[in-house]
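Each chain, written out:
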Amino acid sequence: MSTLRTRPSLVALLFFPVVCIVAGIVGWRLGWHLGVDNAVYRSGAVALLKREPLYDSMALSAEPSWARLPFTYPPTAALLFVPLALVSTQVAWGILAAVSILLLTWVIKICLDRLPDRPQWMTTPRTAVLIGIIALGLEPVWRTIFLGQINIVLMALVVVDVLLIGPNKRYGGILIGVAAAVKLTPLIFVAHLLLTGRRADAVRALAGFVLLQLVMFALIRHDVSQFWGTAVQDPQRIGPIYWAGNQSLNGLVLRLTDNADWSMRVVAPIAVVLAVPCAIWVRRLHKADSPLPALLISAFFGLLVSPVSWSHHWVWVVPLTVYLLSRLPDPLPAPRWRAIAPVAAVVLVFASCVLLAMRNGKAVEFEWTAAEYVIGSAYLLVPLVAGVILLVRHVRRGG
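Described below are features of the structure shown in this document. (Residues numbered from 1 in each chain as written. Predicted model: local features only at pLDDT ≥ 70, side-chain atom pairs only at ≥ 80, totals over all residues. Heavy atoms only, no water.)

### What about the packing of helix α4 (residues 89–113) against helix α5 (residues 127–135)?
Link 1 in the chain: Closest axis-to-axis distance for the α4/α5 pair is 9 Å, and the angle between their directions is 130 degrees. Taken together, the axes of α4 and α5 are oblique relative to one another. Read as a crossing pair, α4 and α5 show a hand that is right-handed. Taken together, the residues of α5 that come into contact with α4 (itself represented by L104, T105, I108, K109 and L112) are T127, A128, V129, I131, G132 and A135.
Link 2 in the chain: Split by residue class, the contact of α4 with α5 holds seven nonpolar, three polar and one charged. (Axes fitted to C-alpha atoms, helices over the stretch in contact; angles between N-to-C directions. Helix = DSSP H or I, 4+ residues; strand = E, 2+ residues; numbered from the N terminus. Parallel < 35°, antiparallel > 145°, perpendicular 65-115°, else oblique. Left-handed = near helix turned anticlockwise from the far one by under 90°. Contact = heavy atoms within 4.5 Å. Nonpolar A, V, L, I, M, F, W, Y, C, P; charged D, E, K, R; others polar.)

### As for the nonpolar core
Link 1 in the chain: Of all hydrophobic cores here, the largest spans 105 residues; its most connected members are F71, L104 and W316.
Link 2 in the chain: Considering every element that reaches this core, the biggest residue donor is α4, with twelve residues.
Link 3 in the chain: Residue contacts for W316: discarding those within four places in its chain leaves M155, V158, V159, F189, L295, L296, A299, F300 and L303.
Link 4 in the chain: In this structure, I241, L254, V308 and W310 belong to the second largest nonpolar core, which totals five residues. (Core = buried A, V, L, I, M, F, W, Y, C linked by side-chain atoms within 4.5 Å. Buried < 20%, exposed > 50% of the residue type's maximum accessible area, 1.4 Å probe, protein only.)

### Describing the packing of helix α12 (residues 249–256) against helix α13 (residues 263–287)
Link 1 in the chain: At a minimum axis separation of 9 Å, α12 and α13 run at an interaxial angle of 140 degrees. Classified by the angle their axes make, α12 and α13 are oblique. α12 and α13 meet at a crossing whose hand is right-handed. Between α12 and α13, the contacting residues are L249, N250, V253 and L254 on the first element and S263, M264, V266, V267, I270 and L274 on the second.
Link 2 in the chain: Its residues assigned to classes, the contact of α12 with α13 comprises eight nonpolar, two polar and no charged.

In short, geometric facts, not functional conclusions.
The following block contains the structure:
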């Protein structure tokens, strides 16, 4: 990476990953409760190695007392989490956090490289490190790290596959298949590959995903049958998805309807309606050699229509911020606040921790006022409002 050319950049790049690893080691010695979700990941790997069923109970034997949660991920995720089983829960958290921060910087660097038209200050090697440090203040990012979540890693796999590997490599699509084997939501990017003309890559992504399922079926037939037969459809394994933290359209409908079991029947037609302009937009941007905004449309569409998009899933705000920064005029015209208002508004929403401050949990979302529904839908409103603004501009231009 060109971010390593100068010593200050190297120090800045490695500082937070080193802090995370040290914190993991110290936490292991002192018994700190680090990374609830990471503890579940690791316990799934331990269960796989010990031949313990993954889905027969609501907690795994290797989980510490402060992280007694069900394993909700595909069986293939347990296989890919095996390296975490080699160390303690706290050290595993430190390693995953360090890797996530480094991958976040790499994602930013890849996005910058795919944006030839950007302000002069964004062309320096230090830019990716600087943006990466600032991005740690965004709630989806720091929450992903503190929970020991895998969202940044999955985003990196998708970004590398779409923006770095490109359509002219024989192994394009494989990383998306691997990402989908850890969590199902990256399957939305198979559609992105198809829309951008990468049919062979889409086939490889699906083939890789299916192949991993078959491998696991050969190893742990009972668990694979349990996951695809019952666990994947069991809402109790995920938790109350009406919580404010679920920033998908389904979460919003659940909050508006007092947790109605038919919410996805409302979301599905909305998703179909949204899919048409999004697909057209993705194809146009791809043909205009604008792969990053095209990818962002697919990513945010996936977040909106997924049954569950917890606030920490919204790490895609980081490449969105990179793109918005690249659109700033250089130099900034007067008044400067007007030029930076769009990117400032997005950063403010995701750095404000507004969802954590809302009345949420224990069904209080069903008692929200109209204003609270707006504030409590802040994340999902960002792509919706942005889409409306762009549509209005398009109509005004007579496009």
